[in-house]
Amino acid sequence: MATFRSMRFTMPETEGYKDRTHAGRQLARSLRHLAGQADPIVLGLPRGGVPVAFVVAQALGAELDVLLVRKLGMPGNEEYAMGAIGSGGVRVLQPGVPGLLGVTQEQVDQIAARELAELERRDRLYRGGRPPPRLEGRCVILVDDGIATGASMLAAVQVVRKHRVAQLVVAAPVGAPDTLERLAREADEVVCPLAPPRFHAVGQFYRSFGQTDDEEVQDLLAQAWAAPAAPNGGQQGNKDNRKERT
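Remember, predicted model here, so these are calculated numbers, not experimental data. (Residues numbered from 1 in each chain as written. Predicted model: local features only at pLDDT ≥ 70, side-chain atom pairs only at ≥ 80, totals over all residues. Heavy atoms only, no water.)

A separate point is the overall build of the protein chain. Assigned secondary structure in the protein chain consists of 6 helices and 9 strands. For the protein chain, the proportion of its 246 residues judged to be buried stands at 54%. Contacts in the protein chain between residues far apart in sequence, at least 24 positions, make up 70% of those at least 6 positions apart. Only carbon and sulfur atoms are counted for the fraction: they give 49% of the accessible area of the protein chain, which is about 11,100 Å². (Helix = DSSP H or I, 4+ residues; strand = E, 2+ residues; numbered from the N terminus. Buried < 20%, exposed > 50% of the residue type's maximum accessible area, 1.4 Å probe, protein only. Contact = heavy atoms within 4.5 Å. Areas by Shrake-Rupley, 256 points an atom, 1.4 Å probe, with all protein chains shown as cover.)

This is how it looks when you write it as structure tokens:
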């Protein structure tokens with residue numbers, strides 16, 4: 001089990017975010033203590049985590065990439081995550097699954113197979129022939145636009161833990177406090193500016209929370225991957241090229 005170093009909650013509960021770009025700026029402020037880390041890399045969880053991660057990577061002068069995981073939606077209520085899958089055969093299930101609300105193992109396997117096909121499609125679409133980034137020995141910052149059940153982020157943590165990373169940080173603009181506490185037992189650090197006790201859904205803390213599409217993810221990655229290398233070995237993006245997105 002990873003050592004629990006700290007959790008950083010810095011915003012009052014009444015505040016929220018204009019959009020994912022604004023959220024990324026606020027999150028980046030809470031991550032400034034990592035700017036001096038050697039060879040940091042920011043991994044956004046597609047799709048909604050990538051616009052946030054793009055801003056964070058720019059602010060830290062870090063390399064940007066993606067880490068593909070897929071939520072396993074509850075049958076009949078796809079928005080509720082009963083688990084998640086990640087590359088390398090990682091599968092995370094909520095306590096009681098299968099069995100919870102009558103969910104069978106067959107249903108879990110069927111949904112996992114469907115989501116694995118989507119994960120592989122996105123990998124081809126986003127990466128093309130680009131190889132996965134090197135993670136060994138680096139400070140890895142996992143970024144999503146919010147954390148509710150934490151299933152997707154936990155799957156991402158397990159994928160990253162297969163590499164010999166120097167430090168693993170979980171970061172999101174907003175999250176459910178109990179979920180953040182659980183993640184703190186798995187990551188070296190959890191950074192979340194807004195952790196309201198009356199958390200219901202990520203979207204309630206954004207004034208604009210539209211769907212992020214594949215084209216936007218591809219555009220942001222193309223901008224990041226075309227940028228010149230920063231002095232610390234990451235990517236230094238051009239903020240003037242960043243479009244305001246929601």
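Mapped onto the fold, Val191 is located in strand β9 (residues 189-191). Residues Val191 and Ala172, spaced 19 residues apart in sequence, show a C-alpha to C-alpha distance of 6.6 Å.

Moving on, we get to the sheet that holds strand β6 (residues 90-93). Pairing within the open sheet is antiparallel, and its 3 strands lie in the order β4-β5-β6. At either end of the open sheet lies a strand with only one pairing partner, and these are β4 (69-74) and β6. Looking at each pair of strands side by side, their axes are set apart by 40° on average, direction ignored. Pairing of β4 with strand β5 (residues 77-86) involves 6 bridges; the strand directions are antiparallel. Considered in β5, the bridge of Gly73 is made with Ala81. Docked against the sheet, helix α3 (residues 105-127) engages β4, β5 and β6, running at close to 145° with respect to β4. (Pairing = 2+ DSSP bridges. Axes fitted to C-alpha atoms, helices over the stretch in contact; angles between N-to-C directions.)

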